[in-house]
Amino acid sequence: MENKIHIGLIREEKQPHDNRVAFTPRQCQWIMHHFPGTQIYVQPSPLRCFSDSEYEKAGITLQEDLSHCTFLLGIKEVPADKLIPGKTYLFFSHTKKKQPHNQHMLQTILEKKITLVDYECLVHPDGQRILGFGFFAGIVGAHNGLMAYGEKTRSFHFKRVHTCHDFQELISHYFGIKLPPIKIVITGSGRVAAGALEIMGLLGIKYIPPEEYLINTYSYPVYTQLKAGELYLRRDDKTYSRSDFHAHPEAYECRFLPYVTVSDVLMNGIYWDENIAPLFHANDLKKDNFRIRVIADITDDTNGSVPCNLGDSTIEDPVYGVTKDNMEQTAPYLPDTVDMMCVSNLPNELPRDASQYFGDQLMKYVFEALLQPDNEMIRNATITANGTLTGRFKYLEDYAKGDLT
Ligand SMILES: NC(=O)c1ccc[n+]([C@@H]2O[C@H](COP(=O)([O-])OP(=O)(O)OC[C@H]3O[C@@H](n4cnc5c(N)ncnc54)[C@H](O)[C@@H]3O)[C@@H](O)[C@H]2O)c1
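All values reported here derive from a predicted model rather than from experimental measurement.

Participant: Looking at this structure, how should I read the sheet that holds strand β14 (residues 319–323)?
Facilitator: The strands making up a sheet associate through backbone hydrogen bonding, with each pair oriented either parallel or antiparallel. Sheet architecture is open: eight strands sit in the order β8-β9-β7-β12-β13-β16-β14-β15, paired in mixed fashion. At either margin of the open sheet sits one strand with a lone partner, and together these are β8 (206–207) and β15 (329–330). Two strands pair when backbone bridges link them, and strand β7 (residues 183–187) and strand β12 (residues 265–268) are joined in this way by four bridges, in the parallel orientation. Within β12, the position partnered with V185 by the bridge is L266. Contacting β12, β13 (294–297), β14 and β16 (337–341), helix α4 (residues 134–153) runs over the sheet at an angle of about 160 degrees to β13.

Right, here's the structure in full:
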C-alpha cells in the first residue's frame, strides 16, 4: 500500500465551474485493477458530472486532502492558490501561447516547484494531438445548429442536450423525428467534423458529394462535407497541398462562397487562424442570394472563419441573431437574420460522455507512459519540471518572469 503511486482527481475550481473529469468511476476501477501499483483518490465535488456517490459506489476513495498524491489530474486551469507545491499536475493550462490570463498561474507553478504536463501538448509521433473534446463539441454543436433551424422555421423541435442524462438519451430523442428538406454544409475533417457527421448519421441525413450538392435540389435533408483541400486553393496555381497550406495559409484563397447560396445551415468545424481566409465576408451577407439561415460555428473564433460570429453565446442562451445589413446582434429566430450558435464549451452539455471519451484516450495512450521514469511523449508535453521551464518551453521565459502583461 505504502509503495503505491497515488493519483488524485482534483475538483474543478475555475469559474465558471467545469463539470468534466479526467476519469469516470468505471475507468478508475479499471486502472486500479490493471495497474495494481496505483491508487486513485477523488476530491469531492458537488458539480462534477459523476457524483461523489458514484465514485464511492465504485470503491474509489473520496478525499479532500490530496497532498499525499504524486499525480494530480484536472481538466481546466487550476487557481494559483489551490496548487499544491512539488506535485505533478496534468490539465489544459492554456499557457503555451503566453495567454495573459494564465501568466500568474504559471508563475505560481514555477514558484511552487510543480511539474506541469499539458494535455494539449501530448501528441502521437506524427504530431496529431492525443487528447481533445472536439468529437463531443461536434455532436452538441450539430444538434444545437439543427435545433436553432427548427425554432427559426417553426418546423420541428429539439430538446436541449444538457437536459439529457447522456448521449444515449439524446439518441432516443431522435427516434421518429422527420426533418424538412434542408441542405447542410459541414466544414472540416477533424474531431469536431466527425462529431457533426455522427449526428447526420443518427438523423438519417444523406451525404451528397460537394459537386452534386452545389447544383441539385433534394426533397429530403442532405449534407455535404468540405475538407481543407476542397475549401482552400493556392491563389497562383489553384493547387492544394496540406503541408504547404499549413506553412503558407496566406497564399491560399477560400472557395466557400458558392455554398452560401445553396445551403440552409452551416456547421463550421474547420481549424482557423488569422492568416487563413474567412469562409465569406461581411458584404456577402447583404446579397440577396445569401441563403444560410443558421450557422453553428463550432470552431468559434470571434470574427474568425465566420465574420458574423460576434462573440460567444452560452449554454443557457446558445443562439443569437445577426442582421444581414450591418451585422448587429439581435434576439434569435427573427425572420430576416442569420442565427448564430457560438458556444465555446459545447462538450459541457454532454459531460459524462465527453469525460468518458477523454478518459479512454488518456488510459490508452498516456497513462502507462506517465508511470515510466522518463518517457519521450510525456517529456515533450512537460512545460515545467520541478519549477523550471523545460527546454522546448524556454521561450516562455519572459512570460514566466512577468515581463509581459
Ligand atoms: N466550441 C467548442 O466547444 C469547441 C470544442 C472543441 C474544439 N473546438 C474548436 O474546433 C476547431 C476544430 O477542432 P478539432 O477538435 O476538430 O480539431 P482536430 O485537431 O481534430 O482537427 C483540426 C484539423 O485542423 C487541421 N490543422 C491543424 N493545425 C492546422 C494549421 N496550422 N493550419 C491549418 N490546418 C490545421 C488538422 O490537420 C486537422 O485536420 C478548433 O478550432 C477547436 O478549437 C471548439
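Here the narrative resumes, following the displayed structure.
Participant: Explanation requested: the site of the ligand in the structure shown.
Facilitator: Around the ligand sit 22 residues, and of these G134, A137, G190, V192 and Y271 come closest. Where the shell around the ligand is concerned, the elements lending two or more residues are α4 and α6 (191–202). By residue class, the composition of the shell around the ligand is nine nonpolar, 10 polar and three charged.

Participant: What am I meant to see in the pairing of strand β5 (residues 88–91) here?
Facilitator: The alternating pattern of β5 places T88 and L90 and Y89 and F91 on opposite faces, both of which are buried. For strand β4 (residues 71–73) and β5, the ladder comprises three bridges, and the chain directions are parallel. Looking at β5, one finds that F71 is bridged to T88. On the question of chirality, the crossover connecting β5 to the parallel strand β6 (residues 115–118) by way of helix α3 (residues 103–111) is right-handed.

Participant: Help me understand the pairing of β16 in this model?
Facilitator: One face of the sheet, then the other: side chains in a regular strand alternate in exactly this way. Of all five residues in β16, five are buried; the element is thus mostly enclosed. Every second residue of β16 is oriented toward a common face, with T337, D339 and M341 on one face and V338 and M340 on the other, all of them buried. In this structure, β13 lies alongside β16, joined through three bridges in parallel fashion. Bridged to A296 within β16 is M341. Pairing between β14 and β16: five bridges, direction antiparallel. Of the residues in β16, the one forming a bridge with V322 is V338.

Participant: What exactly am I supposed to notice about the nonpolar core here?
Facilitator: Generally speaking, nonpolar side chains in soluble globular proteins are found buried as a group. Counting 109 residues, the largest nonpolar core has F136, A196, M267 and M340 as its most contacted members. If you tally residues by element for this core, the top one is α4, at 10 residues.

Participant: When you look at the confidence of the model for the chain in this model, what are you seeing that I'm missing?
Facilitator: Any segment with low pLDDT has predicted coordinates that should not be analysed in fine detail. The share of residues in the chain with pLDDT of 70 or more is 99%, and the mean pLDDT across the chain is 96. Confidence metrics for the complex model read pTM 0.92 and ipTM 0.95.

Participant: Would you mind going over helix α1 (residues 25–34) with me for this structure?
Facilitator: When we look at burial in α1, the residues that qualify are P25, Q27, C28 and I31. The buried residues of α1 occupy an angular sector of 160 degrees when the element is viewed end-on, so they sit on one face. Opposite its buried face, α1 presents the exposed residues H33 and H34, each directed more than 90 degrees away. The inward-facing, buried residues of α1 contact β2 (38–42), α2 (52–57), α12 (351–365) and α13 (367–371).

Participant: Mind showing me how you'd approach the packing of α4 against α6 here?
Facilitator: Any two packed helices are characterised by how steeply their axes cross, that is the angle between the axes, and by the distance between the axes. Orientation of α4 relative to α6, taken along the N-to-C sense of each, is 45 degrees, at an axis distance of 6 Å. As summarised for this structure, α4 and α6 are arranged oblique, according to the angle between their axes. Of the two possible hands of crossing, α4 and α6 adopt the one that is right-handed. Here G134, F135, F136, A137, G138, I139, G141, A142 and H143 of α4 lie close against α6, whose contacting residues are R191, V192, A193, A194, G195, A196, E198 and I199. Considering only residue class, the contact of α4 with α6 consists of 10 nonpolar, five polar and two charged.

Participant: So what exactly am I meant to see when it comes to the UniProt feature "active site" (unreviewed entry) in the chain here?
Facilitator: Following the UniProt record, the feature "active site" (unreviewed entry) maps to K76 and H94 here. In terms of the greatest pairwise C-alpha distance, the residues named above, spread along 19 residues, form a tight cluster of at most 8.7 Å across. With respect to the helices and strands, K76 occurs in the loop between β4 and β5. You can call K76 partly exposed: it has 18 C-beta atoms within 10 Å. If sequence neighbours within four positions are ignored, K76 has contacts with E12, K14, D18, F91 and F92. In this structure, H94 sits in the loop between β5 and α3. Classification of H94 as partly exposed rests on a count of 16 C-beta atoms within 10 Å. In this structure, H94 is in contact with E77, Q99 and N102, ignoring residues within four places of it in sequence.

Reading guide: rules and limits
- Residues numbered from 1 in each chain as written.
- Predicted model: local features only at pLDDT ≥ 70, side-chain atom pairs only at ≥ 80, totals over all residues.
- Pairing = 2+ DSSP bridges.
- Helix = DSSP H or I, 4+ residues; strand = E, 2+ residues; numbered from the N terminus.
- Contact = placed C-beta atoms within 7 Å.
- Axes fitted to C-alpha atoms, helices over the stretch in contact; angles between N-to-C directions.
- Near = placed C-beta within 6 Å.
- Nonpolar A, V, L, I, M, F, W, Y, C, P; charged D, E, K, R; others polar.
- Buried ≥ 20, exposed ≤ 12 C-beta atoms within 10 Å, placed from the backbone.
- Right-handed = clockwise from strand over helix to strand, strands pointing away.
- Core = buried A, V, L, I, M, F, W, Y, C linked by C-beta atoms within 7 Å.
- pLDDT = per-residue confidence, 0-100.
- Arc of directions from axis to C-beta.
- Parallel < 35°, antiparallel > 145°, perpendicular 65-115°, else oblique.
- Left-handed = near helix turned anticlockwise from the far one by under 90°.
- UniProt positions renumbered as here; feature names shortened; annotations may be inferred.

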